[in-house]
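# What the coordinates show
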Amino acid sequence: MQRDCGAVKKPPISGYEKFFVSIMPYPVHGQYLILRSTVYPGTAEKINELLKESGLQVYLTFCPERIAEGKALEELENLPQIVSGIVSKPGI
């Protein structure tokens, strides 16, 4: 994905939008979709809006990359993962 914010300091998310539009036929109601990458602040909220507007009823979650280069196998097994989500109702 493109990561240059440019002069206006507005990060481009069109690559993420195109990706999620392309997979919309495949998720099922109630499924969790995980953004497993480092993304700009606000990207998850914008993608969640896109999913809601499409009528797709899924839960969008985010799990930031925390693995050091060259240590993937070791850290996948031993490093706790942080997962957060966006829900419309408390307690889900």
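What comes next concerns the included structure.

### A look at the nonpolar core
The nonpolar side chains of a soluble globular protein tend to be buried with one another. Formed by 14 residues in total, the largest nonpolar core has its most connected members in Phe 20, Leu 33, Ile 47, Leu 51 and Leu 60. For this core, the elements supplying multiple residues, two or more each, are helix H1 (14-23), strand E1 (32-35) and helix H2 (43-54). Broken down by element, the residue count for this core peaks at four residues, all from H2.

### Some points on the sheet that holds strand E3 (residues 84-86)
Strand order in the open sheet formed by three strands is E1-E2-E3, and the pairing between neighbours is mixed. Two strands in the sheet have a free side with no partner beyond their single neighbour: E1 and E3. For this sheet, the mean inter-axis angle between neighbouring strands, taken without regard to orientation, is 30 degrees. Examined bridge by bridge, strand E2 (residues 59-62) and E3 share three bridges and lie antiparallel to one another. Across the sheet, residue Thr 61 finds its bridge partner in E3, namely Gly 85. In this fold H2 packs onto E1, E2 and E3, with an angle of close to 165 degrees to the strand it touches most, E2.

What counts as what
- Residues numbered from 1 in each chain as written.
- Predicted model: local features only at pLDDT ≥ 70, side-chain atom pairs only at ≥ 80, totals over all residues.
- Heavy atoms only, no water.
- Core = buried A, V, L, I, M, F, W, Y, C linked by side-chain atoms within 4.5 Å.
- Buried < 20%, exposed > 50% of the residue type's maximum accessible area, 1.4 Å probe, protein only.
- Helix = DSSP H or I, 4+ residues; strand = E, 2+ residues; numbered from the N terminus.
- Pairing = 2+ DSSP bridges.
- Axes fitted to C-alpha atoms, helices over the stretch in contact; angles between N-to-C directions.
- Contact = heavy atoms within 4.5 Å.

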